[in-house]
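# Coordinate inspection notes
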Amino acid sequence: MNDEDYMNMALDLAELGQGYTSPNPMVGAVVVNNDQVVGKGYHKKVGKAHAEINAINSAGESARGATLYVTLEPCNHTGRTPPCTGKILSAGIQHVVVAMRDVNPHVKGGGVEFLQQQGIRITTGVCEDRAEKLNEVFVKYVKTGRPFVTAKCAATLDGRIATKTGDSKWVSGEESRAFVHRLRHAVDAIMVGADTVKRDDPSLTTRLSGAKGRDPKRIILDTRLSISDKAKIMRLDSRADTMIITGPGISAEKKNRLERKGIQIIQSAVKSGLIDLNSLMDVLGASGITSLLVEGGGRVIASALKDGIVDKVIFFYAPRILGGDDGVPICRGTGPVLMRDSIPLKNISVRRFGDDVMIEGYIDKR
């Protein structure tokens, strides 16, 4: 096995922490001595030991003289846990191979440079692209203080997310819906509009097959606080919070009533009658939300795209055709006059889930 093989093993381990490490990154580590894997570890949960610590503890005395493969530059500062660099030195690691440097401006470069000064051989950039994609949420959040935003929808081949009556059960198949629950498990928060709550009465929770998923925070855009007290999201048995984002001039009595139910009411800036999503991203980021899944409906997806808050799109297309122009489109409202003013995507990937096709791409913001 070569450096890439061992690093891919560490990256596979890092993925096991998905949904549990926020606001920390996902990190995996492998200890190799005499071409044998002698220790493995990953960051299991925020506040718990880092990947390097777990891998070195797993290796025990076999860590002396070994090579440590780690997906993110080891920390050289004390946060919730002690610095990993000290553990690396005391264990007798001789060579550290790093996938990506830590982009956090408060600690950038500290781990690698410190270890080099102590005589540890360092190799960086192994499987760097995969490591950066794995932690794209962490990268954006520590650089900007705003959440990484993914817009998701399920549509027919002719671009409709519901019929003219609002019926959307089910556009996509079971395999696609199962993947969406994995997306929910991975993010800090999920956002929909009040119309979606009124039409579908969703729970917005995570349901994983054979595992206990983590519910994201539920964010409802409702400028007039029109949501019913009887909606499912008002009476869920969930550890995750529900937040309603409203505009000015709402009923103080209803606001107080909902707050007594444990619902967070946040009054936000409004632009053209809709919540100003750019301003909202600053508010959500300041509250510690690092990732956001926008699930609709059409007006919310359109607003998110127009306000420029979206980083990635995940669109599922099902082998169905409504065959009319009166259903609910993916995006509602006016679009650009010229095709050259459409929103370009880059780094496109395509996957199949049963008969559905998923297209994933990143907004080209150049």
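Source: prediction; values computed, not measured. (Residues numbered from 1 in each chain as written. Predicted model: local features only at pLDDT ≥ 70, side-chain atom pairs only at ≥ 80, totals over all residues. Heavy atoms only, no water.)

### Overview of the layout of surface pockets
- Within this model, the largest pocket holds a volume of roughly 1,000 Å³.
- For the lining of the largest pocket, the secondary-structure elements that each account for two or more residues are α5 (128-134), α6 (136-144), β6 (148-155), α7 (174-186), β14 (291-296), β15 (312-317), β17 (345-353) and β18 (356-363).
- Of the residues forming the lining of the largest pocket, the biggest block, five residues, is contributed by α7.
- Residues of the lining of the largest pocket, tallied by class, amount to 17 nonpolar, twelve polar and ten charged. (1 Å grid on protein atoms, 1.4 Å probe; cavity = no way out; pocket = protein on both sides within 12 Å on 5 of 7 lines; lining within 4 Å. Points joined across faces, edges and corners; volume = space filled by probe spheres on them. Helix = DSSP H or I, 4+ residues; strand = E, 2+ residues; numbered from the N terminus. Nonpolar A, V, L, I, M, F, W, Y, C, P; charged D, E, K, R; others polar.)

### Things to note about the sheet that holds β17
- In space, the nine strands of this open sheet follow the order β11-β10-β9-β8-β14-β6-β15-β18-β17, with mixed pairing throughout. What marks the edges here is a single partner per strand, and that holds for β11 (264-267) and β17. Averaged over all adjacent pairs, the angle separating strand axes in this sheet is 20°, with direction ignored.
- Pairing between strand β8 (residues 189-193) and strand β9 (residues 217-221): five bridges, direction parallel. Its bridge partner lying in β9, Ile-190 is registered against Arg-218.
- Contacting β6, β14, β15 and β18, α6 runs over the sheet at an angle of about 135° to β6.
- Lying on the sheet, helix α10 (residues 277-286) is in contact with β6, β8, β9, β10 (242-246), β11 and β14; it crosses β9 at an angle near 155°. (Pairing = 2+ DSSP bridges. Axes fitted to C-alpha atoms, helices over the stretch in contact; angles between N-to-C directions. Contact = heavy atoms within 4.5 Å.)

### Structural notes on the packing of aromatic side chains
- For the coordinates displayed, the defined rule picks out five aromatic pairs.
- When the ring of Phe-179 is compared with that of Phe-353, the centres are 4.8 Å apart and the planes differ by 40°; the resulting orientation is tilted. One end of the pair, Phe-179, is in helix α7; the other, Phe-353, is in strand β17, with 174 residues separating them in the sequence.
- Accessibility expressed as a relative area gives 8% for Phe-353, which makes it buried.
- Site record: aromatic cluster; members linked through ring pairs are Phe-179, Phe-316 and Phe-353.
- Across the ring face of Trp-170, the terminal group of Lys-169 is positioned such that the distance to the ring centre comes to 5.4 Å.
- The ring of Trp-170 carries Arg-177 above its face, with NZ or CZ at 4.4 Å from the centroid. (Phe/Tyr/Trp six-rings, centres within 6.5 Å; stacked < 30°, edge-to-face > 60°. Buried < 20%, exposed > 50% of the residue type's maximum accessible area, 1.4 Å probe, protein only. Lys NZ or Arg CZ within 6 Å of the ring centre and 35° of its normal.)

### Thoughts on the nonpolar core
- Of all hydrophobic cores here, the largest spans 43 residues; its most connected members are Met-7, Val-31, Ile-93 and Val-96.
- Ranked by the residues each element gives to this core, the list is headed by helix α1 (residues 3-15), at six residues.
- Those residues in contact with Val-31 that sit more than four places away from it in its chain are Gln-36, Val-37, Val-38, Gly-39, Ala-55, Ile-56, Ala-59, Ala-63, Ala-66, Thr-67, Leu-68 and Ile-93.
- Counting 31 residues, the second-largest nonpolar core is a separate cluster that includes Met-191, Ile-289, Ile-309 and Ile-363. (Core = buried A, V, L, I, M, F, W, Y, C linked by side-chain atoms within 4.5 Å.)

### Observations regarding the side chain of Thr-242
- Among the structural elements, Thr-242 can be located in strand β10.
- Side chain to side chain, Thr-242 and Arg-218 meet in a polar contact 3.0 Å long. (Polar contact = N/O pair within 3.5 Å; in protein donor to acceptor, adjacent residues only side chain to side chain.)

### Considerations on a positive patch on the surface
- Taken together, the side chains of Lys-45, Lys-48, Lys-212 and Arg-239 present a region of like positive charge at the surface.
- Here Lys-212 shows up in the loop between α8 (194-200) and β9.
- You can call Lys-212 exposed: its relative accessible area is 72%. (Patch = residues over 30% accessible without salt bridge, like charges linked within 9 Å, V, L, I, M, F, W, Y side chains within 5 Å. Areas by Shrake-Rupley, 256 points an atom, 1.4 Å probe, with all protein chains shown as cover. Salt bridge = Lys/Arg side-chain N within 4 Å of Asp/Glu carboxyl O. Lys, Arg positive; Asp, Glu negative; His and termini not counted. Charge placed at Lys NZ, Arg CZ, Asp CG, Glu CD.)

### Comments concerning unusual backbone geometry
- Note that the residue after Lys-169, namely Trp-170, is joined by a cis bond; omega there is -10°.
- In this fold, Trp-170 is placed in the loop between β7 (160-162) and α7.
- For the peptide bond that leads from Gly-296 to Gly-297, omega is 10°, which places it in the cis range.
- Within the secondary structure, Gly-297 is located in the loop between β14 and α11 (298-306).
- The backbone of Asn-34 sits at a positive phi, close to 50°, despite the residue not being glycine.
- Relative to the assigned elements, Asn-34 resides in the loop between β1 (28-33) and β2 (36-42).
- By relative accessible area, Asn-34 is classed as exposed at 69%.

### Looking at the pattern of salt bridges
- According to the stated counting rule, one finds 20 salt bridges in the structure shown.
- Linking Glu-15 and Arg-130 is a salt bridge whose minimum nitrogen-to-oxygen distance equals 3.2 Å. Here Glu-15, found in helix α1, pairs with Arg-130, found in helix α5; they are 115 residues apart in sequence, far enough to count as distant.
- Between Glu-295 and Lys-152 there is a salt bridge; the shortest N-O distance is 3.6 Å. Note that Glu-295 is positioned in strand β14 and Lys-152 in strand β6, a separation of 143 residues in sequence.

### Some details on the sheet that holds strand β4 (residues 95-100)
- Ordered by their spatial adjacency, five strands build an open sheet running β2-β1-β3-β4-β5, and the pairing between neighbours is mixed. The outermost strands of the open sheet, each flanked by one partner alone, are β2 and β5 (121-124). This sheet shows a mean twist of 20° between the axes of neighbouring strands, independent of strand direction.
- As defined by bridge partners, β1 adjoins strand β3 (residues 67-72) across four bridges and the pair is classed as antiparallel. Residue Val-30 lies in a different strand from β3, and its bridge partner there is Tyr-69.

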